[in-house]
Amino acid sequence: MKTIYYDDELNNEFSEAQITPKKIDGNYKYYYTSIWKKITHIFWYRIIAFPIAKAYLFFKFRHKMIGRKKLKKYKKVGYFIFGNHTHHLCDAVIPSMINGMKDTYVIVHPNNVSMPYLGRVTPSLGAVPLPDDKEATKNFVSCIEYRLKGKKAICIYPEAHIWPFYTKIRPFLDTSFRYPVSYNTPVFCFTNTYQKRKHSKNPKVVTYIDGPFFPEEGLPKKEQRQKLRDEVYNTMVERSKNSNVELIKYVKKEKIND
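A.B. asks: Whenever I open this one, the overall build of the protein confuses me. Can you help?
C.D. replies: Looking only at helices and strands, one finds 6 helices and 9 strands in the protein. Taken over C-alpha atoms, the radius of gyration comes to 18 Å for the protein, in line with the 18 Å a tight globule of 258 residues would show. For the C-alpha atoms alone, the extent of the protein along its principal axes is close to 55 × 45 × 40 Å. Expressed as a percentage of contacts within the protein between residues at least 6 apart in sequence, the contacts between residues at least 24 apart total 78%. Summed over its atoms, the accessible surface of the protein is roughly 14400 Å², and 54% of this surface lies on carbon and sulfur atoms. Looking at charge distribution, the protein has the averaged site of its 45 positive side-chain charges lying 11 Å from that of its 24 negative ones.

A.B. asks: Would you mind showing me how to read helix H6 (residues 221–240) here?
C.D. replies: One full turn of an α-helix is made of 3.6 residues, so residues set three or four places apart face in the same direction. With 20 residues, H6 ought to run about 28 Å at 1.5 Å a step, and its terminal C-alpha atoms sit 28 Å apart, in line with that. Tucked inside the fold, the buried residues of H6 contact strand S3 (79–83), helix H5 (178–183), strand S7 (187–195) and strand S8 (204–213).

A.B. asks: Sorry if this is basic, but what is going on with the sheet that holds S7 here?
C.D. replies: What holds strands together in a sheet is hydrogen bonding between their backbones, with the strands either parallel or antiparallel. Strand order across the open sheet formed by 7 strands is S2-S8-S7-S3-S6-S4-S5, with mixed pairing between neighbours. The open sheet has two edge strands, strand S2 (64–66) and strand S5 (127–129), and neither has a second partner. Across the sheet, the axes of successive neighbouring strands diverge by a mean angle of 25°, strand direction being ignored. Pairing between S3 and strand S6 (residues 153–156): 4 bridges, direction parallel. Counted as the bridge partner of tyrosine 79 is alanine 153 from S6.

A.B. asks: Please clarify how the state of the cysteines should be interpreted in this entry.
C.D. replies: Simply put, disulfide is the name for a covalent bond between the sulfur atoms of two cysteines. In this structure the tally under the stated criterion is 0 disulfides. No disulfide involves cysteine 90; its sulfur sits 13 Å from that of cysteine 155, the nearest cysteine. Residue cysteine 189 stays outside any disulfide, its sulfur separated by 11 Å from that of cysteine 155, the closest cysteine. According to the relative accessible area criterion, cysteine 189 is buried, its value standing at 0%.

A.B. asks: Which parts of the structure should I look at to understand the pairing of S6?
C.D. replies: The two faces of a sheet get side chains in turn, since along a regular strand they alternate between them. Here S6 shows two buried faces, one formed by Ala153 and Cys155 and the other by Ile154 and Ile156. Across 3 bridges, the pairing between strand S4 (residues 104–108) and S6 is parallel. Residue pairing for S6: threonine 104 is matched across the bridge by alanine 153.

A.B. asks: Even after reading the chapter, I still don't get the packing of helix H1 (residues 35–61) against helix H2 (residues 90–99), so can you show me in this structure?
C.D. replies: When two helices pack together, their arrangement is given by the angle between the helix axes and by the axis-to-axis distance. Running from N to C, H1 and H2 cross one another at 110°; their axes reach a closest spacing of 10 Å. Of the possible angle classes, the one that applies to H1 and H2 is roughly perpendicular. Within the contact between the two elements, H1 uses Tyr45, Phe50, Ala53, Lys54, Tyr56, Leu57 and Phe61 and H2 uses Cys90, Val93, Ile94, Ser96 and Met97. Class assignment of the residues belonging to the contact of H1 with H2 gives a composition of 10 nonpolar, 1 polar and 1 charged.

Cut-offs and rules
- Residues numbered from 1 in each chain as written.
- Predicted model: local features only at pLDDT ≥ 70, side-chain atom pairs only at ≥ 80, totals over all residues.
- Heavy atoms only, no water.
- Helix = DSSP H or I, 4+ residues; strand = E, 2+ residues; numbered from the N terminus.
- Rg over C-alpha atoms; globule rule 2.2 N^0.38 Å.
- Contact = heavy atoms within 4.5 Å.
- Areas by Shrake-Rupley, 256 points an atom, 1.4 Å probe, with all protein chains shown as cover.
- Lys, Arg positive; Asp, Glu negative; His and termini not counted.
- Charge placed at Lys NZ, Arg CZ, Asp CG, Glu CD.
- Expected span 1.5 Å × (residues − 1).
- Pairing = 2+ DSSP bridges.
- Axes fitted to C-alpha atoms, helices over the stretch in contact; angles between N-to-C directions.
- Disulfide = S-S within 2.5 Å.
- Buried < 20%, exposed > 50% of the residue type's maximum accessible area, 1.4 Å probe, protein only.
- Parallel < 35°, antiparallel > 145°, perpendicular 65-115°, else oblique.
- Nonpolar A, V, L, I, M, F, W, Y, C, P; charged D, E, K, R; others polar.

Structure representation (structure tokens):
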């Protein structure tokens, strides 16, 4: 079994991808409203990526989702969905599997739109890169508002960094929960777990979907954020206990000398 040593749950990154991110400044176009761009989105998202992703998840990991019915009532409203960040490819496609025919936009690191060739396609697949300056931030926020008005789902990985096949939930800040508080939208979460298979070395990926959670009106905004964060975090921690196979062992450095 591979062992990875870490010292900072909030900031350590273990993705193997080596990409030089481009700067997301005021010139970056976050969304388009033309018919042509809508057509290219349907082509890449629905015709190419969706069926390939679904086949990959099934044949590689026998992917199963539990709790999708909780989303049915909210198919006509925009909402946020938070998940654990444990696989470079699964994390890119599972949000779309969860939301089905509802378009899903994933807030990502600029790396995801900086790859040669593929980086030109990922925005059509729903990648929304984090901004690098004040002007880009205005455009980023405008994009979030536009997608919510369009009744889309916006996915956020609050752990921020990929820890491949990690079976627990890392502590995360309440920063990204300011969005559902600001727009008073429902919040869902999903927890990808890794479970044993009898006749394969690859684990079965079982995704648990929970919610909705709502900002509690009457509380100060900061307390609303923290409460939402805690509800989502605690739910994901409980769901993560369904993992029963460990492919990579993560050891905190300070424990080595204990």
